[in-house]
Amino acid sequence: MTTAAAYSVSAPDARFTKTTIERRGLGPHDVLIDIKYAGICHSDIHTARNEWHGTTYPCVPGHEIAGIVAAVGSEVTRHKVGDRVGVGCMVDSCGTCPPCVAGEEQYCDRGATMTYNTPVPEEFQPGGVTFGGYSTQVVVTENFVVSIPEGIGLDVAAPLLCAGVTLYSPLRHWNAGPGKQIAIVGMGGLGHVGVKIAAAMGAEVTVLSHSLNKQDDGRRFGASNYYATGDKQTFRELRGRFDLIVNTVSADLPIDNYMKLLKLDGTLVMLGLPDNPLAVQPFTLAGYRRSLAGSMIGGIAQTQEMLNFCAEHGIGAEIEVISADRIDEAYERAIASDVRYRFVIDAATM
């Protein structure tokens, strides 16, 4: 067993405080990682504040982890000391169900073991619940550790472990590429990475945002078009335009209006998770054989594929690096959309 410095929260309305946590001892297939950077995802905020219910306290969030291998177990073959590595949203799964066998561990029939706030046996994590990346070290089974290519800085790579693969997975699954018209709804922490990836895939990318405030950024990231959804003319002008729409927004949107922007056989993919049910008219779906779908992160193999793709195309997240004592401030700013576009914690400040 080892100890690590960490920042945890003790209740939904509590502030983050520095603490010491225990990590399990190095098993034969385990990798000990010195964490260098940890991204702040909006899921961290929901969990820390128990907005999705079921949070176990104390809670150490963080599932966008980039660091350096410090030690490996006796049977580890994929990684070695000194390697640049990352850990995303999952740290284990059953490994035997059809989704796991297909490399889609995020859809594990048993339920994947998430990087933080998942009940686990004591031998997996002392304390019986997983602790995430707001810490200086983590121990992870080698199969859930990915390599970060030299072409990406560890700081800008950290958010790719969640935001990057969350966008890459549906873009790849629905065949974004040359000749395809792709719309990204929202250009925040998720959306801005999606614009970069879709453009690098060769698609023509349109950003659909509430306003035009980020238009210059959107074009710099690779968008060919940028429209304000607050303008009703947008929905008239773009009707029947897109092969694929990826919605990164968790607000309650008039989804039926967005569905009408799809062409024949087009698909709208929900990444954002609004509180209320979606309202879609059956004829909107049937009229052009449109589809409404959902997606969540990606499997480990696809996460590695995404990192390799991003390194090849020079893609990283747009970040603001903060010290660990500013996590509470960063949460408030993230809620207010006062960041362009992702906060990343410098683990050296822990």
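What you see is a predicted model, and the numbers here were worked out from it, not measured in a lab.

Before going further, it helps to examine the overall build of the protein. In terms of regular secondary structure, the protein is built from 11 helices and 17 strands. For the protein, whose C-alpha radius of gyration is 20 Å, the value lies close to the compact-globule estimate of 20 Å for 350 residues. Each of the three principal axes of the protein carries a C-alpha extent, and together these read 60 × 40 × 35 Å. Residues classed as buried in the protein amount to 55% of the 350 residues present. In the protein, the share of contacts with a sequence separation of at least 24, taken over all contacts with a separation of at least 6, comes to 65%. Entry remark: accessible area of the protein is about 14,600 Å², with carbon and sulfur atoms responsible for 49%. Here the protein contributes 28 positively and 38 negatively charged side chains, and the mean placements of these two sets differ by 8 Å.

Applying the stated criterion across every chain yields a total of 19 salt bridges. Linking D243 and K263 is a salt bridge whose minimum nitrogen-to-oxygen distance equals 3.6 Å. One end of the pair, D243, is in strand β13 (residues 242–247); the other, K263, is in strand β14 (residues 262–270), with 20 residues separating them in the sequence. Judged by relative accessible area, K263 falls into the partly exposed class, the value being 27%. Linked through salt bridges whose partners overlap, the residues forming this network are K196, D217, R220, E318 and R340.

Rules of the game
- Within each chain, residue numbers correspond to sequence positions counted from 1 in written order.
- Totals for whole chains, interfaces and linings use every residue, but because this is a predicted model, local features are given only for residues with pLDDT of at least 70 and side-chain atom pairs only at 80 or more, for both listing and counting.
- Values reported for side chains reflect all heavy atoms of the structure, with hydrogen atoms and water molecules removed beforehand.
- Counting from the N terminus, the helices are the DSSP runs of H or I reaching at least four residues and the strands are the DSSP runs of E reaching at least two.
- C-alpha atoms define the radius of gyration, and 2.2 Å times the number of residues to the power 0.38 defines the globule rule.
- Think of it in three bands: with a 1.4 Å probe and only protein chains considered, a residue is buried below 20% of the maximum accessible area for its type, exposed above 50%, and partly exposed in between.
- Any two residues whose heavy atoms approach within 4.5 Å are treated as being in contact.
- Per-residue and other accessible areas follow the Shrake-Rupley method at a 1.4 Å probe size, with only the shown protein chains counted as cover for residues.
- Under the counting rule used here, the positive set is Lys and Arg, the negative set is Asp and Glu, and His together with the chain ends is not counted.
- In this description, the location of a charge corresponds to atom NZ of lysine, CZ of arginine, CG of aspartate or CD of glutamate.
- Throughout this description, the term salt bridge denotes a Lys or Arg side-chain nitrogen within 4 Å of a carboxyl oxygen of Asp or Glu.

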